[in-house]
Amino acid sequence: QVQLVESGGGLVQPGGSLRLSCAASGSIFSFYTMGWYRQVPGKERELVARITRSGSSNYADSVKGRFTISRDNAKNTVYLQMNSLKPEDTAVYYCNLVRLTTGTNYWGQGTQVTVSS
């Protein structure tokens with residue numbers, strides 16, 4: 001059992017910044033990747049960013065240059081620094097962990113990010 005707990009969401013004005021955190025606990029093993037997805041009503045969940053334990057990262061084109069993903073392996077925690085936020089970034093952001101040995105996905109409860117003036 002893996003539990004993922006997100007924090008850091010909230011309301012921010014366009015152009016502002018937020019930092020999301022996701023702490024993993026439970027049956028955590030060495031071989032996994034972590035990332036962030038987001039979802040808005042009526043649309044499918046989309047990848048925002050992901051990072052391997054070695055530090056390799058990938059970003060959605062829509063957030064490149066604005067968002068930065070990082071992780072602290074010792075704390076089993078992944079972060080998402082979001083800068084220059086736009087209204088279209090408004091979504092529920094979900095933390096994701098993939099166990100590479102099994103391909104199993106684990107999800108957090110989600111944290112709401114609202115970008116509005």
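Scope of this entry: the structure provided in the associated data block. None of the values given here were measured: they were computed from a predicted structure.

1. With respect to the pairing of strand β4 (residues 32–39)
A regular strand places its side chains on the two faces of the sheet in alternate fashion. Within β4, seven of the eight residues are buried, which leaves it mostly tucked inside the rest of the structure. As paired elements, β4 and strand β5 (residues 46–51) share five bridges and run antiparallel to each other. Looking across to β5, one finds that Y37 is bridged to L47. Here β4 folds back onto β5, and the loop between the two strands holds six residues, one of which, G42, carries a positive phi near 85°.

2. A look at the packing of aromatic side chains
The full count for this structure, using the stated rule, is one aromatic pair. Aromatic side chains Y37 and W107 sit 5.0 Å apart centroid to centroid with 75° between the ring planes, which places their arrangement in the edge-to-face category. A residue pair is termed long-range when its members are at least 10 positions apart, and Y37 in strand β4 and W107 in strand β10 (residues 104–107) qualify at 70 residues. We classify Y37 as buried; its relative accessible area is 17%. Geometry around Y94 places R45 over its ring, the cationic atom sitting 5.6 Å from the centre. Over the ring of W107 we find R45; its NZ or CZ atom is 3.7 Å from the centre of that ring.

3. What about the nonpolar core?
Residues L4, M34, W36, L80, M82 and Y93 are the most contacted members of the largest nonpolar core, which totals 28 residues. Secondary-structure elements contributing two or more residues to this core are β1 (2–7), β3 (18–26), β4, β5, β7 (67–72), β8 (77–82), β9 (91–99) and β11 (111–115). In contact with L80, other than residues within four places in its own chain, are L18, R19, L20, W36, V48, A49, F67, T68, I69 and Y93.

4. A few points about the side chain of R38
Tracing the backbone shows R38 in strand β4. Separated by 2.8 Å, the side chains of R38 and E46 make a polar contact.

5. Here's the deal with the pattern of salt bridges
Close approach of charged atoms lets side chains of opposite charge pair. Applying the stated criterion across every chain, the model contains four salt bridges. Residue D89 is joined to R38 by a salt bridge in which the shortest nitrogen-to-oxygen separation is 3.0 Å. Residue D89 is located in the loop between β8 and β9, and its partner R38 is located in strand β4; the two are separated by 51 residues in the primary sequence. For D89, a relative accessible area of 1% translates into the label buried. Residues K64 and D61 are paired through a salt bridge, measuring 3.1 Å at the closest nitrogen-oxygen approach. You'll find K64 and D61 in the same group, each marked exposed. Each of R38, E46, R66 and D89 takes part in salt bridges that share partners, so that together they form one network.

Definitions and limits used
- Residues numbered from 1 in each chain as written.
- Predicted model: local features only at pLDDT ≥ 70, side-chain atom pairs only at ≥ 80, totals over all residues.
- Heavy atoms only, no water.
- Buried < 20%, exposed > 50% of the residue type's maximum accessible area, 1.4 Å probe, protein only.
- Helix = DSSP H or I, 4+ residues; strand = E, 2+ residues; numbered from the N terminus.
- Pairing = 2+ DSSP bridges.
- Phe/Tyr/Trp six-rings, centres within 6.5 Å; stacked < 30°, edge-to-face > 60°.
- Lys NZ or Arg CZ within 6 Å of the ring centre and 35° of its normal.
- Core = buried A, V, L, I, M, F, W, Y, C linked by side-chain atoms within 4.5 Å.
- Contact = heavy atoms within 4.5 Å.
- Polar contact = N/O pair within 3.5 Å; in protein donor to acceptor, adjacent residues only side chain to side chain.
- Salt bridge = Lys/Arg side-chain N within 4 Å of Asp/Glu carboxyl O.

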